[in-house]
Amino acid sequence: MLKDITIGQYFPGDSFVHKLDPRIKLIISILYIIMLFMTDSYIAYLIVFISLIFVIRISKIPVGMILKGIKPLKYIILITFLMNIIFTKGETLFVLGPIAIAKEGIDMAAKMAIRLIMLIMGTSMLTLTTSPIQLTDGLESLLSPLKKIGFPVHSLAMMMTIAIRFVPTLIEEMDKIMKAQMARGADFDTGNIFQRAKSLVPILVPLFISALRRADELATAMDARCYRGDDGRTKLNPLKYEQRDFVALFCYLVFFILIANFSRIQNLLIA
């Protein structure tokens, strides 16, 4: 399961999606998240899903790599699904003991599950097609107006990118620790969910120590290279918008407006 986590991983390539400016990809990702929670139609979700598969195919990233990122979060999706069914009130369909299952609850639970699955798939595309350096530069560039009020934009962008980048590194370290403890007789696969969670506690101490050691090594390496943040700092590859960036942003803005107003468009067509 640990190897199924795709957050922070970068899949090198030379596709159209890879070549897009990171600032454009960040803006499109934000629009995509907003669009998912504005949409309230299963047909619209289907259209968005088809468009997402189309983008994945263009990026030449294996669909299986995107889908396996959902597996580690299956329990979160399941809990969200059940919570919406239990606590959403409305027209009662049937009763299970003290719990009344409403039609609106099933509808809300299904939509939230779809949103979470598509959210994971869509946001995974950002890190899979954008290197950590590009992501840092793009985020810093978008937030640069905040520098005028003294906001530490560069430090924030660097911290966020390092945090995302170290996710797969820490997962790999956790996998090594688990295998080492399993070789000594530790059991992580048997028992209920609470017993399994309890068995993971001894892993946290060495993992925490390893994370601190890596952070210290990274800080030492940055100091050795005379890193001083964004004061007088130049970039090896300055970001520059290309024609394809404006085309991609314009097309997605049109798509965003159509999906956000899908219900109104559908009602007009029916009328």
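Heads up: the structure comes first, above all this text.
From a predicted model like this one, the values you see are computed outputs, not experimental measurements. (Residues numbered from 1 in each chain as written. Predicted model: local features only at pLDDT ≥ 70, side-chain atom pairs only at ≥ 80, totals over all residues. Heavy atoms only, no water.)

(A) Structural detail: the packing of aromatic side chains. Enumeration over the complete set of coordinates arrives at two aromatic pairs. Their ring planes at 45 degrees and their centres at 5.6 Å tell us that Tyr-241 and Phe-246 sit as a pair that is tilted. Each ring, one from Tyr-252 and one from Phe-255, has its centre 5.9 Å from the other, and the planes form 55 degrees; the classification is tilted. With Tyr-252 and Phe-255 both in helix α11 (residues 243–260) and three residues apart, the pair spans about one turn of that helix. A residue is classified by how much of its surface remains accessible, and Tyr-252, at 16% relative accessible area, is buried. Here Arg-23 stacks its cationic end above the ring of Tyr-241, 3.9 Å away from the centre of that ring. The ring of Tyr-42 carries Lys-111 above its face, with NZ or CZ at 5.4 Å from the centroid. (Phe/Tyr/Trp six-rings, centres within 6.5 Å; stacked < 30°, edge-to-face > 60°. Helix = DSSP H or I, 4+ residues; strand = E, 2+ residues; numbered from the N terminus. Buried < 20%, exposed > 50% of the residue type's maximum accessible area, 1.4 Å probe, protein only. Lys NZ or Arg CZ within 6 Å of the ring centre and 35° of its normal.)

(B) Highlighting the packing of helix α2 (residues 22–38) against α11. Running from amino to carboxyl end, α2 crosses α11 at an angle of 5 degrees, the nearest separation of the two axes being 10 Å. Taken together, the axis directions place α2 and α11 in an arrangement best described as roughly parallel. Contacts between α2 and α11 involve Ile-24, Ile-27, Ile-28, Leu-31, Tyr-32, Ile-34, Met-35 and Met-38 from the first element and Asp-245, Ala-248, Leu-249, Tyr-252, Leu-253, Phe-255, Phe-256, Ile-259 and Ala-260 from the second. Of the residues contributing to the contact of α2 with α11, the split by class is 16 nonpolar, no polar and one charged. (Axes fitted to C-alpha atoms, helices over the stretch in contact; angles between N-to-C directions. Parallel < 35°, antiparallel > 145°, perpendicular 65-115°, else oblique. Contact = heavy atoms within 4.5 Å. Nonpolar A, V, L, I, M, F, W, Y, C, P; charged D, E, K, R; others polar.)

(C) Broad picture of the pairing of strand β1 (residues 92–96). Relative to strand β2 (residues 99–102), β1 runs antiparallel, the two being bridged by four bridges. Counted as the bridge partner of Val-95 is Ala-100 from β2. (Pairing = 2+ DSSP bridges.)

(D) Broad picture of the layout of surface pockets. Taken as a whole, the second largest pocket encloses approximately 650 Å³ of empty space. If you trace the second largest pocket, you find 28 residues lining it, with Ser-131, Pro-132, Ile-133, Gln-134 and Asp-137 closest to the centre. Elements with a minimum of two residues in the lining of the second largest pocket: α7 (132–143), α8 (153–183), α10 (201–224) and α11. Looking at the lining of the second largest pocket residue by residue, the classes come out as 12 nonpolar, six polar and 10 charged. (1 Å grid on protein atoms, 1.4 Å probe; cavity = no way out; pocket = protein on both sides within 12 Å on 5 of 7 lines; lining within 4 Å. Points joined across faces, edges and corners; volume = space filled by probe spheres on them.)

(E) The arrangement of the packing of helix α5 (residues 74–87) against helix α6 (residues 103–129) in detail. Two numbers describe how α5 lies on α6: the axes approach to 7 Å, and their chain directions differ by 155 degrees. In terms of orientation, α5 lies roughly antiparallel with respect to α6. Seen from above, α5 lies across α6 with right-handed handedness. Two secondary-structure elements touch here, α5 through Ile-77, Thr-80, Phe-81, Asn-84 and Ile-85 and α6 through Gly-105, Ile-106, Met-108, Ala-109, Ala-110, Met-112, Ala-113, Leu-116, Ile-117 and Ile-120. The residue inventory of the contact of α5 with α6, partitioned by class, reads 12 nonpolar, three polar and no charged. (Left-handed = near helix turned anticlockwise from the far one by under 90°.)

(F) α5, seen in detail. Between its first and last C-alpha, α5 extends 20 Å over 14 residues, near the 20 Å set by a 1.5 Å rise per residue. Taken together, the buried positions of α5 are Ile-77, Asn-84 and Ile-85. Relative to the axis of α5, the buried residues are bounded by an arc of 100 degrees and lie together on one face. Every exposed residue of α5 that faces more than 90 degrees away from the buried side is listed here: Ile-79 and Phe-87. Buried residues in α5 make contact with β2 and α6. (Expected span 1.5 Å × (residues − 1). Arc of directions from axis to C-beta.)

(G) Up close: unusual backbone geometry. In this structure, Lys-60 takes a positive phi of about 65 degrees despite not being glycine. Within the fold, Lys-60 resides in the loop between α3 (42–59) and α4 (63–67).

(H) Looking closely at a nonpolar patch on the surface. A grouping of Tyr-75, Leu-78, Ile-79, Leu-82, Met-83, Ile-86, Phe-87, Leu-93, Phe-94, Leu-96, Ile-99 and Ile-106 is seen on the molecular surface, where their side chains present a nonpolar patch of about 1,100 Å² in accessible area. Among the elements of the structure, α5 and β1 are those that each provide at least two residues to the nonpolar patch. Sorting elements by how many residues they give to the nonpolar patch places α5 first, with seven residues. Looking at the element boundaries, Phe-94 is found in strand β1. (Patch = residues over 30% accessible without salt bridge, like charges linked within 9 Å, V, L, I, M, F, W, Y side chains within 5 Å. Areas by Shrake-Rupley, 256 points an atom, 1.4 Å probe, with all protein chains shown as cover. Salt bridge = Lys/Arg side-chain N within 4 Å of Asp/Glu carboxyl O.)

(I) Local environment of α10. For α10, built from 24 residues, the straight-helix expectation of 34 Å at 1.5 Å per residue is met to within 8% by its first-to-last C-alpha distance of 35 Å. Among the residues of α10, those classed as buried are Ile-203, Leu-207 and Ser-210. Looking at the buried side of α10, the elements it contacts are α8. Directly after α10, the chain includes Cys-226, whose backbone phi takes a positive value near 60 degrees.

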